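Residues per chain are reported as follows:
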Amino acid sequence: MKNQENNTITTQPFPNARKVYIPGTLFPIQVAMREISLSPTRLSTGGIEENPPITVYDTSGPYTDINKAIDIKKGIDRLRESWILERNDVELLDKISSEYGNQRAHDPKLAHLRFDYQHKPKQARAGQNVTQLHYARKGIITAEMEYVAIRENQRIEQLESAQSAMTHQHAGHSFGAKTPVKRITPEFVRDEIAAGRAIIPNNINHPESEPMIIGRNFLVKINANIGNSAVTSSIEEEVEKAVWACRWGADTIMDLSTGKNIHETREWIIRNSPVPIGTVPIYQALEKVNGVAEDLTWEIFKDTLIEQAEQGVSYFTIHAGVLLRYIHLTAKRVTGIVSRGGSIMAKWCLFHHQESFLYTHFEQICQIMKQYDIAFSLGDGLRPGSIADANDEAQFAELETLGELTKIAWKHDVQVMIEGPGHVPMHLIKENMEKQLECCDEAPFYTLGPLTTDIAPGYDHITSAIGAAMIGWYGCAMLCYVTPKEHLGLPNKKDVKDGVITYKIAAHAADLAKGHPGAQYRDNVLSKARFEFRWEDQFNLALDPETAREYHDETLPADGAKVAHFCSMCGPKFCSMKITQEIRESVADGMLQKSAEFMESGKEIYL
Ligand code: IRN
Ligand code: FE2
């Protein structure tokens, strides 16, 4: 294996899985997926029936491909570079244009942190707009749009063939959706983007990223936040955190780093990330004024936006809805303002007694974003931070403003999603989704949980996944994960994995409930493996194969147990699946037939 020289970066493929690349038909693109091979079913007649491999949505990038060499000093393949250049609307800059970025690039003390190749920033040619929204509204289908259409569909052929195979071989056993499978087409992707209902966050300066789509008519996505705080870790460790989060299924990563090498760390993360990166630029702006919120200015903020735009950040959280007149609405709250960005802006507004520069300069921000195709993630600076504060006046007043800002961004053809709460009890969640769709004209919603109770610190990945699953079902497009360390400390690697897997569960549960085409296929394949005691397949199909195997092996480590018709949960005599199989195989044919006749004759029967 070529990859093993990077001992800090996790590069193993998943067990019994390989990376496959599905070609496009409109564009010469190769859409990455994970293919898991399965073992055959042993039939009771003594024969064997093959189980076809299954492909699943995969966010792990080249790190799980044994044929790709990984060298984090060089960065991963720049997959989209030619797509972007061929559109012929960008120019390559020969130097970094932000003041701060330029200083860093020439500081000899930072030479050792510099990248092996000179990443030359791109920018739209004068007068050009390079957003996916701009293309979509002109009726253009881009390579990115075809990529996401194929990516979202991947299991459909399997589902269709499984359905027809099943009807032939096992008439009566339903396998997969019963309704005809709907395919996601590139045209549909384009139309959803044009309508503002979906976004593809894909800065032209992050050509390494594999396109993904956020919108409620697509698979529900999840975001993982990473980032150091005051305690600095090495750059390799930061890259590994991003790679690790993608491995377990993060669709986007937000780099929330603060601290001294923030620019260099972000550069390394972006050059090595297969998923789009989001940031909250006000955090870095605050670093530049040594943490004194009152000293922030529009000029410093603007320079930070350009610096991050040129590096390749694909979406910016901008808390432009925190208006001076809303701040007093939080005075009687139990937990006041819990958003970091929101509290920084509230402090600035109160000190200067002026409207937020994010709001007053919003059109200028749009002008910058459209030159790189950066999407807005309009921040919920006044989100509730406790059950007591959920759905209050401050929260909904801000939402109205986010709706107003959405329209301004759309006027510039800049893509938008809207951030949402926070802490919300279950019975108040639906109202959040309904109000958001109404205020923001169906722009995608992106929520932090929400946490459905405040009483379980240490388990807030669970308190929040309950809310996340619900809001995902109601139509939330992306779920920002919460780790077990929420409210308590900086998450470590295990917390990141636990948070990501927990949120994959919430997102997938929502996909099933929404009837996303093909969502159920993996469930059916796993259930079949479980019923047939194909333990290896059950582990390999799991979101977290390692933990599934480890838990099984804790009590039954022997190789023979991997084909045994029971596990230690119920033991050999009480396994219901084993008993059901026995019913079906031997005694049963006759008995099931009798019970069916009995039912038809109108008498009740309890099986
Ligand atoms: C997501 C939805 N609502 C908030 N978020 C995330 O919270 C956002 O994307 C970013 O990662 C983080 C911003 O936190 P503050 O600055 O609002 O606390
Ligand atoms: Fe909280």
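Keep in mind it's a predicted model, so treat the numbers as computed, not measured. Note on numbering: residues in each chain are counted from 1, in written sequence order. To label them, take the chains in the order written and letter them from A, then take the ligands in the order written and number them from 1. For this predicted model, a pLDDT threshold of at least 70 governs which residues receive local features, and a threshold of 80 or more governs which side-chain atom pairs are given and counted, while totals over whole chains, interfaces and linings are taken from all residues. Heavy atoms from the whole structure form the basis of all side-chain values; hydrogens and water molecules are not counted.

J.: Help me out: how do you make sense of the overall build of the chain in this one?
T.: Counting its secondary structure elements, the chain contains 21 helices and 17 strands. Radius of gyration means the value over C-alpha atoms here, while the globule rule gives 2.2 Å times the residue count to the 0.38 power. The C-alpha atoms of the chain give 26 Å as radius of gyration, which agrees with the globular expectation for 607 residues (25 Å, within 12%). Each principal axis of the C-alpha distribution contributes one length, and for the chain these read about 85 × 55 × 50 Å. Remark: exposure states derive from per-residue accessible area (1.4 Å probe, protein chains only) relative to the maximum for the residue type, with buried under 20%, exposed over 50%, and partly exposed in between. Buried residues in the chain amount to 57% of all 607 residues. Across the chain, every contact between residues at least 6 apart in sequence was considered, and the portion connecting residues at least 24 apart equals 74%. Per the convention used, a helix needs a DSSP run of H or I reaching at least four residues, while a strand needs a run of E reaching at least two, with both numbered from the N terminus. Contacts are assigned to residue pairs with any non-hydrogen atoms lying within 4.5 Å of each other.

J.: Just to check I follow, could you spell out the packing of helix α13 (residues 362–369) against helix α14 (residues 393–411) for this structure?
T.: Describing two packed helices takes the angle between their axes plus the distance from one axis to the other. Two elements in contact, α13 and α14, have axes separated by 9 Å at closest approach and are oriented at 45°. Relative to α14, the element α13 lies oblique. The interaxial crossing formed by α13 with α14 has right-handed handedness. Between α13, through F362, E363 and C366, and α14, the contact on the second element is made entirely by L405, I408, A409 and K411. Residue classes in the contact of α13 with α14 are distributed as five nonpolar, no polar and two charged. All axes here are fitted lines through C-alpha atoms, helices being fitted over the stretch that makes contact, and every angle between N-to-C directions spans 0 to 180 degrees. Convention used here: angles under 35 degrees read as roughly parallel, angles over 145 as roughly antiparallel, angles from 65 to 115 as roughly perpendicular, and any remaining angle as oblique. Each helix crossing is assigned a hand: it is left-handed if the near helix lies turned anticlockwise from the far helix by less than a right angle, otherwise right-handed if that turn is clockwise. Each residue gets one label: Ala, Val, Leu, Ile, Met, Phe, Trp, Tyr, Cys and Pro are nonpolar, Asp, Glu, Lys and Arg are charged, and the others, such as Gly, are polar.

J.: What am I meant to see in the UniProt feature "binding site: Zn(2+)" (unreviewed entry) in the chain here?
T.: UniProt positions are given in the numbering used here, feature names are shortened, and annotations may be inferred rather than shown by experiment. In this numbering, the UniProt entry assigns the feature "binding site: Zn(2+)" (unreviewed entry) to H423 and H487. On the basis of their most widely separated C-alpha atoms, the annotated residues across 65 residues gather in one place, lying no more than 12.2 Å apart. For H487, a relative accessible area of 51% corresponds to the exposed category.

J.: I tried to follow α13 on my own but got confused; where do I start?
T.: Within α13, burial applies to F362, I365, C366, I368 and M369. The buried residues of α13 occupy an angular sector of 160° when the element is viewed end-on, so they sit on one face. Taken together, the buried residues of α13 touch α10 (298–311), β13 (315–318), α12 (357–360), β14 (375–378) and α14. Working note: the arc is built from the helix axis to C-beta atom directions.

J.: How should the coordination of the iron ion (ligand 2) be read in this particular structure?
T.: Ideal geometry at a metal centre: 109.5 degrees between donors when four sit tetrahedrally, and 90 or 180 degrees when six sit octahedrally. Donor atoms from the polypeptide that bind the iron ion (ligand 2) are H423 (NE2) and H487 (NE2), placed at 2.1 to 2.2 Å. You can see H423 sitting in the loop between β15 (416–420) and α15 (429–439) and its partner H487 sitting in the loop between β17 (478–480) and α17 (493–514), a full 64 residues away along the chain. Here the coordinating atoms are restricted to nitrogen, oxygen and sulfur within 2.8 Å of the metal centre, or 3.2 Å for Na, K and Ca, and because water is not among them the sites may look incomplete.

J.: Before we go on, may I ask you to explain helix α7 (residues 235–248) in this structure?
T.: Because an α-helix completes one turn every 3.6 residues, residues spaced three or four positions apart along the sequence face the same direction. One less than the number of residues in a helix, times 1.5 Å, gives the span that helix is expected to have. Across its 14 residues, α7 extends 21 Å between first and last C-alpha, which sits within 8% of the 20 Å expected from 1.5 Å per residue. For α7, a buried count of 12 out of 14 residues is recorded, marking the element as mostly surrounded by other parts of the structure. Listed as buried for α7 are I235, E238, V239, E240, K241, A242, V243, W244, A245, C246, R247 and W248. At its buried positions, α7 is contacted by β2 (30–36), β10 (221–226), β11 (252–255), α8 (262–271), α17 and α20 (545–555). Looking one or two places after α7, you find G249, whose phi comes out positive at around 125°.

J.: How do you make sense of the sheet that holds strand β5 (residues 54–56) when you look at a structure like this?
T.: The pairing of strands in a sheet comes from backbone hydrogen bonds and takes either a parallel or an antiparallel form. A pair of strands is treated as paired once DSSP finds two or more bridges between them. With antiparallel pairing, the three strands of this open sheet are ordered in space as β1-β2-β5. Only two strands of the sheet have a single neighbouring strand rather than two, namely β1 (17–23) and β5. For this sheet, the mean inter-axis angle between neighbouring strands, taken without regard to orientation, is 45°. Across three bridges, β2 lies against β5 in antiparallel orientation.

J.: Is there a simple way to think about the site of ligand 1 in this case?
T.: When we say a residue is near a molecule or strand, we mean one of its heavy atoms is within 4 Å of it. In the vicinity of ligand 1 there are 17 residues, among which Y283, S339, R340, G341 and R383 approach most closely. Side-chain polar atom of S339 to an oxygen atom of ligand 1: 2.7 Å apart, as the coordinates give it. Here an oxygen atom of ligand 1 and a backbone polar atom of R340 are 2.7 Å apart. Note on areas: Shrake-Rupley with a 1.4 Å probe; residue coverage comes only from the protein chains shown. Across the complex, the protein chains shield 97% of the 420 Å² of accessible surface that ligand 1 would expose by itself. Elements with a minimum of two residues in the shell around ligand 1: α11 (340–352), β15 and β16 (445–448). Counting residues per element, the shell around ligand 1 draws most heavily on β16, which supplies three residues. Under this definition, polar contacts are N or O atom pairs within 3.5 Å; protein pairs additionally need one hydrogen-donor-capable and one acceptor-capable atom, and for neighbouring residues in sequence, both atoms have to be side-chain atoms.

J.: How do you make sense of the packing of aromatic side chains when you look at a structure like this?
T.: The description of an aromatic ring pair rests on the distance of the ring centres and on the angle between the ring planes. Two aromatic rings, drawn from Phe, Tyr or Trp (for Trp, its six-membered ring), form a pair once their centres lie within 6.5 Å of each other, and the interplanar angle then sorts them: stacked below 30 degrees, edge-to-face above 60, tilted otherwise. A complete count under the given rule lists 11 aromatic pairs for this structure. Taken together, a centroid distance of 5.7 Å and an interplanar angle of 85° make the contact between F14 and W248 edge-to-face. Of this pair, F14 sits in the segment before β1 while W248 is found in helix α7, placing the two residues 234 residues apart along the sequence. Each member of the pair, F14 together with W248, is buried. With centroids separated by 5.0 Å and ring planes inclined at 90°, the aromatic side chains of W348 and F357 adopt a geometry described as edge-to-face. With respect to burial, W348 and F357 carry one shared label: buried. An aromatic cluster of three or more residues is present, and its members are W298, F301, W348 and F357. The criterion is that NZ of a Lys, or CZ of an Arg, lies within 6 Å of the ring centre and within 35 degrees of the ring normal, and then a charge sits over that ring. Over the ring of F14 we find R34, and its NZ or CZ is 3.8 Å from the ring centre. The cationic tip of K497 hangs over the ring face of W248; the distance from NZ or CZ to the ring centre is 4.1 Å.

J.: Honestly, the sheet that holds β14 in this entry has me stumped. Any pointers?
T.: Pairing is parallel in the closed barrel, where eight strands are placed in the order β10-β11-β12-β13-β14-β15-β16-β17. Mean inter-strand twist for the sheet, computed between neighbouring axes without regard to direction, equals 25°.

J.: Got a minute to help me understand the side chain of T64 in this structure?
T.: Positionally, T64 belongs in the loop between β5 and α1 (81–86). With relative accessibility at 6%, the residue T64 sits in the buried group. Engagement of the side chain of T64 in a polar contact is seen with the side chain of S60, the distance being 2.7 Å. Non-local contacts of T64, meaning those with residues more than four positions away in its chain, are made with T11, Q12, P13, F14, K19, D58 and R247.

J.: In this structure, what is going on with the nonpolar core? I would like to understand it.
T.: Nonpolar side chains tend toward joint burial in soluble globular proteins. What is meant by a nonpolar core is a set of buried Ala, Val, Leu, Ile, Met, Phe, Trp, Tyr and Cys residues, joined one to another through side-chain atoms within 4.5 Å. Ranked by internal contacts, the top residues of the largest apolar core, which has 133 residues, are V189, F301, F376 and L479. Listed in part, the 12 residues of the second largest apolar core include L113, I235, V243 and W268.

J.: What is the right way to read the UniProt feature "binding site: [4Fe-4S] cluster" (unreviewed entry) in the chain from this model?
T.: Following the UniProt record, one finds the feature "binding site: [4Fe-4S] cluster" (unreviewed entry) at C567, C570 and C575. For C567, a relative accessible area of 24% gives the class partly exposed. Setting aside its immediate chain neighbours within four residues, C567 contacts W535, H552 and L556. Turning to its location among the elements, C575 is positioned in the loop between α20 and α21 (576–600). Contacts of C575, omitting those with residues within four sequence positions, involve F533, H565, F566 and C570.

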